[in-house]
Amino acid sequence: MSAVPFDTHKVAKTLAKAGFNEPQVEAQVEVLTEFSSELATKKDLDLLESRLTTTMWKMQLATIVLTIGGVFALLQFMLPPMISEAVMQALGK
């Protein structure tokens with residue numbers, strides 16, 4: 001994930017203006033800087049959405065392929081006896 005950029009100087013000025021002393025300001029800015037590195041950006045979320053969409057389409061395709069394969073396997077199992085029976089009926093046996 002990318003760090004979410006913010007103006008640390010502006011944050012420090014705002015905190016100092018609100019009555020925070022220098023060590024408090026520095027601690028707050030440090031915590032906010034560290035915390036912001038854990039946040040997801042819109043770009044991060046867009047990338048994740050793209051990967052999830054691709055994975056979902058691959059899973060959907062795999063399901064379709066497996067279903068078609070199952071149908072073909074079932075047909076291979078069922079057709080020979082059906083064809084044999086039809087041939088026997090056509091021959092009158």
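Throughout what follows, the structure given in this document is the object of discussion.

Calculation criteria
- Residues numbered from 1 in each chain as written.
- Predicted model: local features only at pLDDT ≥ 70, side-chain atom pairs only at ≥ 80, totals over all residues.
- Heavy atoms only, no water.
- Helix = DSSP H or I, 4+ residues; strand = E, 2+ residues; numbered from the N terminus.
- Rg over C-alpha atoms; globule rule 2.2 N^0.38 Å.
- Buried < 20%, exposed > 50% of the residue type's maximum accessible area, 1.4 Å probe, protein only.
- Contact = heavy atoms within 4.5 Å.
- Areas by Shrake-Rupley, 256 points an atom, 1.4 Å probe, with all protein chains shown as cover.
- Salt bridge = Lys/Arg side-chain N within 4 Å of Asp/Glu carboxyl O.
- Polar contact = N/O pair within 3.5 Å; in protein donor to acceptor, adjacent residues only side chain to side chain.
- Axes fitted to C-alpha atoms, helices over the stretch in contact; angles between N-to-C directions.
- Parallel < 35°, antiparallel > 145°, perpendicular 65-115°, else oblique.
- Left-handed = near helix turned anticlockwise from the far one by under 90°.
- Nonpolar A, V, L, I, M, F, W, Y, C, P; charged D, E, K, R; others polar.

**Looking at the overall build of the chain**
Along the backbone of the chain there are three helices and zero strands. Against the compact-globule benchmark of 12 Å for 93 residues, the chain has a radius of gyration of 33 Å, which places it well outside the compact range. In terms of its C-alpha atoms, the chain occupies a principal-axis envelope of roughly 105 × 15 × 15 Å. Counting the 93 residues in the chain, one finds 8% classified as buried. Taking all contacts inside the chain whose residues are at least 6 apart in sequence as the whole, residues at least 24 apart take part in 67%. Counting only carbon and sulfur atoms, one obtains 68% of the accessible surface of the chain, whose full area is about 8200 Å².

**Quick look at the pattern of salt bridges**
In the structure shown here, the tally under the stated rule is one salt bridge. Ionic pairing is found between aspartate 46 and lysine 42, a salt bridge with its closest N-O pair at 3.2 Å. You can see aspartate 46 and its partner lysine 42 sitting in helix H3 (residues 42-90), four residues apart, about one turn around the helix. Assessed through its relative accessible area of 61%, lysine 42 is described here as exposed.

**Quick look at the environment of glutamine 24**
Inspection of the secondary structure puts glutamine 24 in helix H2 (residues 22-36). Engagement of the side chain of glutamine 24 in a polar contact is seen with the backbone nitrogen of asparagine 21, the distance being 2.9 Å.

**So, the packing of helix H1 (residues 8-17) against H2**
H2 packs onto H1 with a crossing angle of 140 degrees between their chain directions and a minimal axis gap of 9 Å. By the angle between their directions, the pair H1 and H2 is classed as oblique. Along this stretch, H1 crosses H2, giving a crossing that reads as right-handed. Contacts from Thr8, Val11, Ala12, Leu15 and Ala16 of H1 reach H2 at Val25, Gln28, Val29, Leu32 and Thr33. Classifying every residue of the contact of H1 with H2 by side-chain character gives seven nonpolar, three polar and no charged.

Shape descriptors only; they carry no functional weight alone.
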